[in-house]
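Listed here are the chains, written in short residue letters.
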Amino acid sequence: MFNQTAVRVRAGTKTDRGGNPIPDWSNPDRMTVTGLNIQPNSQVEAGDEQRDAVITGYRVQSVEGTAPDIKATDRIQWNGQTFEVDGEVATWPDLFTDAPHHVEFVMVRATG
């Protein structure tokens, strides 16, 4: 059940003209994450006269006893596609020790 692997992609930072730090996706940090369960979560189609859009979402859960370093601002590469983390990453505590039991999050991809 936890046999899937994905790559966490995290932007570096650069400074804009105003001196503010902003995300820099030109040379991101990549980390392979194993022990994942990735399941379909949602699919929404929306269209207008200019385009048809499809938003596909997956729920991701890490194997028990792990808390991979994934943040809401990261991207996830999986199955030949790039997704954005949608919302915060939830860390579930172990019932008896308060150590992380696992993490869960949703990732989405929009096309169209």
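Above this note sits the structure.
Keep in mind that what you see is a predicted model, and the values were worked out from it rather than measured.

S.K.: Before we move on, can you summarise the side chain of Asp 24 with the specific residues and values?
M.R.: Here Asp 24 is to be found in strand β2 (residues 21-47). Within the buried core, Asp 24 has no salt-bridge partner, and the shortest N-O distance to an opposite charge, that of Lys 14, equals 4.4 Å. Polar contacts involving the side chain of Asp 24 include one to the side chain of Ser 26, which spans 2.6 Å. With residues up to four places along the chain from it excluded, the contact list for Asp 24 reads Ala 11, Gly 12, Thr 13 and Lys 14.

S.K.: Let's hear about the sheet that holds strand β6 (residues 100-111): which residues, and what values?
M.R.: Taken in spatial order, the six strands line up as β1-β2-β3-β6-β5-β4 and close into a barrel, and their pairing is antiparallel. Between one strand axis and the next, the sheet turns by 45° as a mean value, whatever way the strands run. Here eight bridges tie strand β3 (residues 52-62) to β6, and the two strands are oriented antiparallel to one another. Bridge pairing in β6 places Arg 59 opposite Val 106.

S.K.: Could you give me a rundown of the pattern of salt bridges, with the residues and numbers involved?
M.R.: A complete count under the given rule lists six salt bridges for this structure. As a salt-bridge pair, Arg 8 and Asp 74 come within 3.9 Å of each other at their nearest N and O atoms. Taken together, the residues span a long stretch of sequence, with Arg 8 in strand β1 (residues 4-15) and Asp 74 in the loop between β3 and β4 (75-78) at a distance of 66 residues. Its salt-bridge partner being Arg 59, residue Glu 104 comes within 3.6 Å of it at the nearest N-O pair. Placement of Glu 104 in strand β6 and of Arg 59 in strand β3 is noted, with a sequence separation of 45 residues between them. Among the charged side chains, a salt-bridge network with shared partners connects Arg 8, Arg 10, Asp 29, Asp 69 and Asp 74.

Cut-offs used in this document
Residues numbered from 1 in each chain as written. Predicted model: local features only at pLDDT ≥ 70, side-chain atom pairs only at ≥ 80, totals over all residues. Heavy atoms only, no water. Helix = DSSP H or I, 4+ residues; strand = E, 2+ residues; numbered from the N terminus. Buried < 20%, exposed > 50% of the residue type's maximum accessible area, 1.4 Å probe, protein only. Lys, Arg positive; Asp, Glu negative; His and termini not counted. Salt bridge = Lys/Arg side-chain N within 4 Å of Asp/Glu carboxyl O. Polar contact = N/O pair within 3.5 Å; in protein donor to acceptor, adjacent residues only side chain to side chain. Contact = heavy atoms within 4.5 Å. Pairing = 2+ DSSP bridges. Axes fitted to C-alpha atoms, helices over the stretch in contact; angles between N-to-C directions.

Keep in mind these values describe shape, not function.
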